[in-house]
Amino acid sequence: MQKIVPHLWFNKEAVEAARMYTSIFSTAGNGAASKVTNVTTLHNTPSGDCDVVSFDLWGHSFMAISAGPLFKPNPSISFMINFDPSQDTEARTRMDVVWEKLMEGGKALMPLDTYPFSERYGWVQDKYGFSWQLIFTKPEGQERPLIIPSFLFTGEVCGKAEEATDFYLSVFKESRRGAIARYPAGMEPDKEGSVMFTDFKLRGQWFAAMDSAREHVFQFNEAVSLMVNCDDQSEIDYYWEKLSAVPESEQCGWLKDKYGVSWQIVPQEMGEMMSKGTPEQIDRVTQALLLMKKFDIAQLKKAYEGR
């Protein structure tokens, strides 16, 4: 099971968007499929009835929720899509098709073109506001997964990409840094030595990060959070203690770290409760978790069992 799952916040469109994404990212060149795996409706939440959707894109698990207009997505966390001709003989064509579909109702943040770091690359914000970086990768490079969540450190946290990723590497097991490239002199406003690009593994999953000193009008927010599936209460306690840095952001398993990134620390078995439970069980668990900051597995089980 994927340990860290990207979670997308929508106003009302989570189910619609999940179906669109699974259509756009149909079968990958290596055979990895995309599909909606579960839809559950939570009742009587502060946002009313909320659809919660689980879906896979090319073998990478995502979750989404329709919970009102509280948070709007921005490019601070995007998803890098690797099109590797060594894994997919149709990579170039597939890349162009995905780009065109994501551009429908969306906009190009960086046009699909040739850049010094890739012969073909583009950054697109789709019609829901979520961002995707499409890159044609070099076959001789080290193989990476098809989809990699990517952090953009800008504004108040610009220049902290290396510090933040070092911190994440210290918190999560099965972690290591991959590549790191720094800005050279003469690339103002980016500071020499800050991170142009780095990738790294957390719990065996690849992520990427970069600094940008250019003027951006966004920062990390709850529209994209990272859901950490925990085996037991001690693991929940561990991640909560290590990551939570903004007490007022603690709610319903959500927390915010010292760099502004939002995480959800959840028991792995809660997914089964919410996907396989009866409507009554799901409602009881929902009402119990709404009263919590850090999740208490024993109390959630009691609610599920009606005790």
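The coordinates are above.
Let me sum up the structure you'll find in this document. What you are looking at is a predicted structure, and each value in this text was computed from that prediction instead of being measured.

Within the protein chain, the regular secondary structure consists of seven helices and 15 strands. Its C-alpha atoms give the protein chain a radius of gyration of 19 Å, near enough to 19 Å, the size a compact globule of 307 residues would have. Along the first, second and third principal axes, the C-alpha set of the protein chain runs to 60 × 35 × 35 Å. Among the 307 residues that make up the protein chain, the fraction classed as buried is 54%. Nonlocal contacts in the protein chain, meaning residues at least 24 apart in sequence, comprise 64% of its contacts between residues at least 6 apart. Of the accessible surface of the protein chain, which amounts to about 14,200 Å², a share of 49% is contributed by carbon and sulfur atoms. Computing the positive centroid from 32 side-chain charges and the negative centroid from 42, the protein chain places the two 2 Å apart.

This part takes up the environment of G155. Looking at where G155 falls in the secondary structure, it is placed in the loop between β9 (147-153) and α3 (161-171). Put simply, G155 and F220 are 65 residues apart on the chain and 9.9 Å apart in space, counted from C-alpha to C-alpha.

Any two side chains of opposite charge can pair, on the condition that their charged atoms come close. Counted according to the given criterion, the structure contains 15 salt bridges. D231 is the salt-bridge partner of K3, the closest N and O atoms lying 3.2 Å from each other. One end of the pair, K3, is in the segment before β1 (4-10); the other, D231, is in the loop between β13 (224-230) and α4 (233-243), with 228 residues separating them in the sequence. Of the residues examined, K3 reaches a relative accessible area of 10% and is grouped as buried. One salt bridge in this structure joins K301 and E269, with 3.5 Å as the shortest N-O distance. One end of the pair, K301, is in helix α7 (residues 297-305); the other, E269, is in helix α5 (residues 268-276), and 32 residues separate them in sequence. Classification of K301 as partly exposed rests on a relative accessible area of 33%. Bridged by salt links that share partners, the residues K3, E174, R203, D231 and E235 form one connected network.

Next up on the list: the nonpolar core. For soluble globular proteins, nonpolar side chains are generally found buried alongside one another. Grouped together as the largest cluster of nonpolar side chains are 90 residues, with contacts concentrated most on L8, Y21, W132, L134, F151, W263 and I265. The biggest single contributor to this core is helix α1 (residues 14-24), with seven residues. Once residues within four sequence positions are removed from consideration, L8 is found in contact with Y21, F55, F62, M63, A64, I65, F79, F130, A223 and V224. Counting residues in each nonpolar core, the second largest holds eleven residues, with M80, I148, A208 and F218 among its members.

Moving on, we come to the side chain of D190. Within the element layout of this structure, D190 appears in the loop between β10 (176-182) and β11 (195-202). No salt bridge is formed by the buried D190; its nearest oppositely charged neighbour, R214, is found at 4.3 Å. Among the polar contacts made by the side chain of D190, one reaches the main-chain amide nitrogen of A213 at a distance of 2.7 Å.

For the α-helix, the turn length of 3.6 residues means that residues three or four positions removed from each other point alike. Where α4 is concerned, the buried positions are E235, I236, Y239, W240 and L243. On an axial view of α4, the arc spanned by its buried residues comes to 130 degrees, and they lie on one face.

Our next topic: the packing of α5 against α7. It is at 11 Å that the axes of α5 and α7 come closest, and there the two elements cross at 20 degrees. One finds that α5 runs roughly parallel with respect to α7. As α5 packs across α7, the resulting crossing turns out to be left-handed. Between α5, through E269, M270, M273 and K276, and α7, the contact on the second element is made entirely by I297, L300, K301 and Y304. Among the residues making up the contact of α5 with α7, the classes are represented as five nonpolar, no polar and three charged.

Pairing within the open sheet is mixed, and its eight strands lie in the order β6-β7-β8-β5-β9-β12-β11-β10. Of all the strands in the sheet, the pair left with one neighbour each is β6 (107-115) and β10. When strand polarity is set aside, the average angle formed by the axes of neighbouring strands in this sheet is 20 degrees. Looking at chain direction, β11 and strand β12 (residues 205-211) are connected through five bridges and run antiparallel. When the bridges of β12 are listed, D199 appears paired with A208. Sitting on the sheet, helix α2 (residues 91-103) touches β5 (77-83), β6, β7 (118-125) and β8 (131-136), and the angle it makes with β7 is about 20 degrees.

The next thing to look at is α3. Of the residues making up α3, those classed as buried are A161, A164, T165, F167, Y168, L169 and V171. Against β9, β10, β11, β12, α4 and β15 (262-267) lie the buried residues of α3.

Procedures and definitions
- Sequence order as written defines residue numbering, which begins from 1 separately in each chain.
- Per-residue local features are limited, in this predicted model, to residues with pLDDT of at least 70; the limit for side-chain atom pairs, both in listing and counting, is 80 or more; totals at the level of whole chains, interfaces and linings are taken over all residues.
- Hydrogen atoms and water are omitted, and side-chain values are computed over all heavy atoms in the structure.
- Secondary structure elements are taken from DSSP: a helix is a run of H or I of four residues or more, a strand is a run of E of two residues or more, and numbering for both begins at the N terminus.
- In this treatment the radius of gyration is a C-alpha quantity, and the globule benchmark scales as 2.2 Å times the residue count to the 0.38 power.
- Burial classes: relative accessible area under 20% of the type maximum marks a residue as buried, over 50% as exposed, and values in between as partly exposed (1.4 Å probe, protein chains only).
- When checking whether two residues touch, look at their non-hydrogen atoms; a contact exists if any pair is within 4.5 Å.
- Computed with a 1.4 Å probe, the accessible areas rest on the Shrake-Rupley method; for each residue, only the protein chains presented here act as cover.
- In this count, Lys and Arg are taken as positive residues and Asp and Glu as negative ones, while His and the chain termini are left out.
- Where a charge sits is defined by one atom per residue type, namely NZ (Lys), CZ (Arg), CG (Asp) or CD (Glu).
- We define a salt bridge as a contact between a side-chain nitrogen of Lys or Arg and a carboxyl oxygen of Asp or Glu at a distance within 4 Å.
- The nonpolar core is taken to be a set of buried Ala, Val, Leu, Ile, Met, Phe, Trp, Tyr and Cys residues, with the residues joined through side-chain atoms within 4.5 Å.
- Under the rule applied, a polar contact is a pair of N or O atoms within 3.5 Å (in protein, one hydrogen donor and one hydrogen acceptor; residues adjacent in sequence only if both atoms are side-chain atoms).
- Note that the arc is computed from the directions linking the helix axis to the C-beta atoms.
- Between N-to-C directions, angles span 0 to 180 degrees; the directions come from axes that are lines fitted to C-alpha atoms, helices contributing only their stretch in contact.
- Note that the term roughly parallel is reserved for angles under 35 degrees, roughly antiparallel for angles over 145, roughly perpendicular for angles of 65 to 115, and oblique for everything else.
- It is the rotation of the near helix from the far one that decides the hand of a crossing: anticlockwise by less than a right angle makes it left-handed, clockwise makes it right-handed.
- Classification used: nonpolar for Ala, Val, Leu, Ile, Met, Phe, Trp, Tyr, Cys and Pro, charged for Asp, Glu, Lys and Arg, polar for all others including Gly.
- We treat two strands as partners when DSSP finds at least two bridges between them.

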